[in-house]
2 protein chains.
Amino acid sequence: MSNIKASIITIGDELLIGQVIDTNSAWIAQRLNDIGISVLRRVAVGDTAAGIKQALDEELNNASIVLLTGGLGPTADDITKPFLCNYFGGKLVVNEEVLAHVKSIFVKRNRPFLDMNMKQAEVPDNCTVLFNKIGTAPGMWFEKDERVIISMPGVPFEMMSIVEDEVIKRLQQRFISDPIEHRSIITAGEGESFIADKIKDIEASLPESIRLAYLPSTGIVRLRLTATGNDREQLSKLLEKFQGEIAHRLADIVVSLDDIPMEQILGKALMEKSATVGFAESCTGGYIGHLITQVVGSGNYFKGSLVTYANDVKENVLGVSKKTLSEQTAVSEDVAIQMAKAAQKLLGCDYSLSVTGILSAGGEENETNPVGTVWMAVAHKEIVKTKKFLFHYDRPRNKDVAVQMAMLMLWRFLNNKM
Amino acid sequence: MSNIKASIITIGDELLIGQVIDTNSAWIAQRLNDIGISVLRRVAVGDTAAGIKQALDEELNNASIVLLTGGLGPTADDITKPFLCNYFGGKLVVNEEVLAHVKSIFVKRNRPFLDMNMKQAEVPDNCTVLFNKIGTAPGMWFEKDERVIISMPGVPFEMMSIVEDEVIKRLQQRFISDPIEHRSIITAGEGESFIADKIKDIEASLPESIRLAYLPSTGIVRLRLTATGNDREQLSKLLEKFQGEIAHRLADIVVSLDDIPMEQILGKALMEKSATVGFAESCTGGYIGHLITQVVGSGNYFKGSLVTYANDVKENVLGVSKKTLSEQTAVSEDVAIQMAKAAQKLLGCDYSLSVTGILSAGGEENETNPVGTVWMAVAHKEIVKTKKFLFHYDRPRNKDVAVQMAMLMLWRFLNNKM
């Protein structure tokens, strides 16, 4: 791991009562890693001066860089700015550049500028202002005892903009650190312990400078190799040697050597084949289409998704047979096949995928089709393949798994691995 | 805040390099809050004994209950179990009940049982085993100096199952704590400072026992009132008095008094009207359908969503005019109107909504339609209303905002507030 350590402190009662999921820390950690700074700890505390003080005191002992997010809004529950000003012995003064910017935002949004918004333009006189071009709360950069303390708003896109525009370059100027390199092997269809057993001799042969981590998620296990050193090129070479060995050993189950999500892996496979794709979704409600279109450039291969949730829509839009629906119910192999074929035709796509199932109680479940039953079909020209799944979780989780399995099934079908 | 304090420690290098977003902490915090235990701090550390030890030492000073998640897998990077065993001075022994369960999972999943899986059945002899009915890593409950330490796997659904089945009831038996009560007011369409100014006299009149927090997110500001005391009924009464005052003052912009997501607010409104709904989505790719179907019972009002990403699909499936598409491009008021009308007809729904826009560069942007332009239309019988938006963020964020705005627009249309 690198010699330059950072801690992240996130501030807000909403984090402690679970009203908000902290996505900022993971994003900041990634960006710091990119420039060779490793995150040692992440701490979340409430909107109290005592809580912030304790965390800041502790993390200044742990790390050279402490990043804080949150508590910079204009309302009474936001106390980070006066706290920090006081902590570092400064006083709050109006910053004219920030004031002009805050006012311009209110004009642009057609909102009245209130007295309390004036507070947004006040900054401690002992910090460097980190300009927030898309929001009203400026970031602040303090230095104390060779340590750097950076405070930013908690609104994710404002924080991201300040990190990209202001923080990264300043940290790079201030600290010179060894690069950290990662390489990944993404596998699908086998468990963590099966994989560990299969590569145990390779794992045992790893030099001390390389760490191997197993990151299981839905249907997928990601293996991550990490190394730090002063020679990036040499690190890369070494990591790639072991990445290659592991990938070769696990050839049957490797889906990617880039740590990218399944929708992007699928997108790359479709681009390579210059093929288009479309879906007919029932229980997944449009989730597959949503993920596929998260990828920039998905317009090159994605035609559309016919989300036919109600049975009459399956009949009227897709032309699924009324007889099949009533005799075999919507959750059946035949309906999945008819849906996939109809999607192919209506959307004019090379490959299609359909999903129909029961994700939670209160649907059409019965003895043949208990809750969690999902039928999927993939089609290309005259070829149709089907698969039945049974998931055991709650509704959102069953949907997540179904969508991941659907994308994996399509990826295998595309690569003749089904 | 309550007298019983908990800290949450999440363990895993993947959290510190930003590969994984921590959703466990928020979920655990919510469940603890429900039983009157407040979370004081959340700390994330890497898979190192030194890091875990420091966090555990510190949090045992801060809180009566320390919950740990992660690092319980069978592979070499998972060190939490031997660490805890050692920390509390026990030794690892095979637990026969856990062993039988782990073996049964391997049989069920049709996977070979490996030597290293034997380790999953080992538990410290000085802990109470918290049975993990859906996974192989058991939870552990330690007690030391009047404090409770709970270790659970990091896989979210396994952790959740252990909390629900084992942890909650044990904590309730072990600690008696004052209830914490929350009440919310969910608003849409105005900013945090506008709202704060409008209710400043009410905020000033809040008794010390009540805290008010502002939680801004996409197009929405949630206000949360929090109070603790020993009389739950009295607390509720007091909170509801202020909730009522604030809601009355903000009547124009209140969308809900329950802190539920927009898709659920919309679902309730549709159920009240016994109305059905359907969508025609382009740039949102199915995201609206996905969110709507996250709600249990959405089958009662959701018919489907026609995701027509490619222009030829807009023509062939929805019957959007080729002429309009070529003269006005897909991102135009006319196309939005044709899409909404077609969805209403094809899906046979009472209300429909359409979305068409450009979320990131490289699409059909031009001078009239810069990146971020989105047209939406809502339709009911012969009435169609449209709205043009311009979003300024990156692709995923623009999609998020567009989807929230679409649901809000539909909610307003349903409630004659448009």
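Going by the structure above, here's the rest.
This one's a predicted model, so the numbers in the text were calculated from it and none came from an experiment.

J.: Which residues make up the interface of chain B and chain A, and what values do they have?
T.: One widely used convention gives an interface's size as the accessible area the parts lose upon coming together. Counting from both sides, the interface comprises 79 residues of chain B and, opposite them, 79 residues of chain A. Of all the elements, strand S14 (residues 302-308) of chain B adds the most residues to the side of chain B that touches chain A, at seven residues. Strand direction decides the pairing type here: strand S14 (residues 302-308) of chain A and S14(B), joined by five bridges, are antiparallel. Across the sheet, residue Leu306(A) finds its bridge partner in S14(B), namely Leu306(B).

J.: Give me the pairing of strand S10 (residues 210-217) of chain A: which residues, what numbers.
T.: Residues and elements named next belong to chain A. Pairing of S10 with strand S11 (residues 220-228), which is carried by eight bridges, proceeds in the antiparallel orientation. Looking across to S11, one finds that Leu215 is bridged to Arg222. Taking the residues that link successive antiparallel strands as the turn, the S10-S11 hairpin has two residues, and the phi of Gly219 there is positive, at about 75°.

J.: So what about the environment of Arg174(B)? Which residues, and what values?
T.: Here Arg174(B) shows up in helix H7 (residues 156-174). Taking the C-alpha atoms as reference, Arg174(B) lies 20 Å from Phe88(B); in sequence the two are 86 residues apart.

J.: Account for the pairing of strand S1 (residues 5-11) of chain A, with residues named and values stated.
T.: Residue and element names in this part refer to chain A. For S1, a buried count of six out of seven residues is recorded, marking the element as mostly surrounded by other parts of the structure. In this sheet, strand S2 (residues 38-45) lies alongside S1 in parallel orientation, the contact comprising seven bridges. Its bridge partner being in S2, Ile11 is matched across the sheet by Val45. Across five bridges, the pairing between S1 and strand S3 (residues 65-69) is parallel. From the neighbouring strand, Ile9 faces S3, where its bridge partner is Leu68.

J.: Tell me what's going on with the sheet that holds strand S8 (residues 147-152) of chain B, and back it up with residues and numbers.
T.: Pairing is mixed in the open sheet, where 12 strands are placed in the order S6(A)-S7(A)-S8(A)-S3(A)-S1(A)-S2(A)-S2(B)-S1(B)-S3(B)-S8(B)-S7(B)-S6(B). Of all strands in the sheet, those bounded by a partner on one side alone are strand S6 (128-130) of chain A together with strand S6 (128-130) of chain B. Here the average twist between neighbouring strands, direction ignored, is 20°. In this sheet, strand S8 (residues 147-152) of chain A lies alongside S3(A) in parallel orientation, the contact comprising five bridges. Residue pairing in the sheet places Thr69(A) in a bridge with Met152(A) of S8(A). Packed on one face of the sheet, helix H7 (residues 156-174) of chain A meets S3, S6, strand S7 (139-144) and S8 of chain A and runs near 170° to S8(A).

Reading the values: rules and limits
Residues numbered from 1 in each chain as written. Chains lettered and ligands numbered in written order. Predicted model: local features only at pLDDT ≥ 70, side-chain atom pairs only at ≥ 80, totals over all residues. Contact = placed C-beta atoms within 7 Å. Helix = DSSP H or I, 4+ residues; strand = E, 2+ residues; numbered from the N terminus. Pairing = 2+ DSSP bridges. Buried ≥ 20, exposed ≤ 12 C-beta atoms within 10 Å, placed from the backbone. Axes fitted to C-alpha atoms, helices over the stretch in contact; angles between N-to-C directions.

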